[in-house]
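Residue-level structure breakdown
Each chain is listed here by its residues.
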Amino acid sequence: MRALILLVGGLFASLVFAKPAADLDSTTRSEISERIAPVGSVCLTGEECASAAGVVASTSTGPRSGDAIYGQYCIACHSTGLLGAPKTNDAAAWQAAEQKAGGFSSLLSNAINGIKSMPPRGTCMDCSDEEIGVAIEFMSGLKP
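Residue numbering note: each chain is counted from 1, following its sequence as written. With the structure being a predicted model, the display of local features is reserved for residues of pLDDT at least 70 and the display and counting of side-chain atom pairs for 80 or more, all residues being used for whole-chain, interface and lining totals. To obtain the side-chain values, all non-hydrogen atoms of the structure were included, while hydrogens and water were left out.

With that out of the way, let us pick up a nonpolar patch on the surface. A patch is a set of surface residues, each over 30% in relative accessible area and not in a salt bridge, joined within 9 Å for like charges and within 5 Å for the nonpolar side chains Val, Leu, Ile, Met, Phe, Trp and Tyr. Every accessible area reported is derived by Shrake-Rupley at a probe size of 1.4 Å, with residue values counting cover from the shown protein chains alone. The working definition used for a salt bridge is a side-chain nitrogen of Lys or Arg within 4 Å of a carboxyl oxygen of Asp or Glu. A cluster of nonpolar side chains, contributed by M1, L4, I5, L7, V8 and L11, occupies part of the molecular surface with about 670 Å² of accessible area. Locating L4 in the fold gives a position in helix α1 (residues 2-16). Put simply, DSSP marks the helices as runs of H or I at least four residues long and the strands as runs of E at least two long, and each gets a number from the N terminus on.

Moving on to the packing of helix α4 (residues 66-78) against helix α7 (residues 129-140). Orientation is described by axes fitted as lines to C-alpha atoms, over the contacting stretch for helices, and by angles from 0 to 180 degrees between their N-to-C directions. At their nearest, the axes of α4 and α7 sit 9 Å apart, and the two run at 70° to each other. With respect to each other, α4 and α7 are oriented roughly perpendicular. Judged by the sense of rotation from one axis to the other, the crossing of α4 with α7 is right-handed. From α4, G66, D67, I69, Y70, C74 and H78 reach across to α7, where they touch E131, V134, A135, F138 and M139. Should an angle fall under 35 degrees it is taken as roughly parallel, and over 145 as roughly antiparallel, whereas 65 to 115 is taken as roughly perpendicular and any remaining angle as oblique. In this scheme, a crossing is called left-handed if the near helix is turned counterclockwise away from the far one by less than a right angle; it is called right-handed if the turn is clockwise. Only heavy atoms enter the contact rule, under which two residues are in contact if any of them lie within 4.5 Å.

This is the structure:
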């Protein structure tokens, strides 16, 4: 059986690699190039390609409010208690979470690094540590 597998594998490999790349016609080469070409690029403000593209990514205008962060990143789990997340405005649940963590700073550290089913930063990868803290304050009513 092992010999049969090696034989079939060898035949397959010889068929796949039998035609050298130099034998490809220009149409086939261009089709392959199109299929493996990058779908986009990133240009930073000030680079030559950024002015040619006409679209520049916006930069942060400052810290976001706890309400804004909650509405975009936290609401799915913390409004319903999904997977054991403390619900927004449930003071008892948040106080228990703070006490279990060992204080607000540890609670904040858990949110930044992720804990149990909560991914790091609650999926808000561009949130600063301060913004995560403000979101916790908004949801919990706790203060650092």
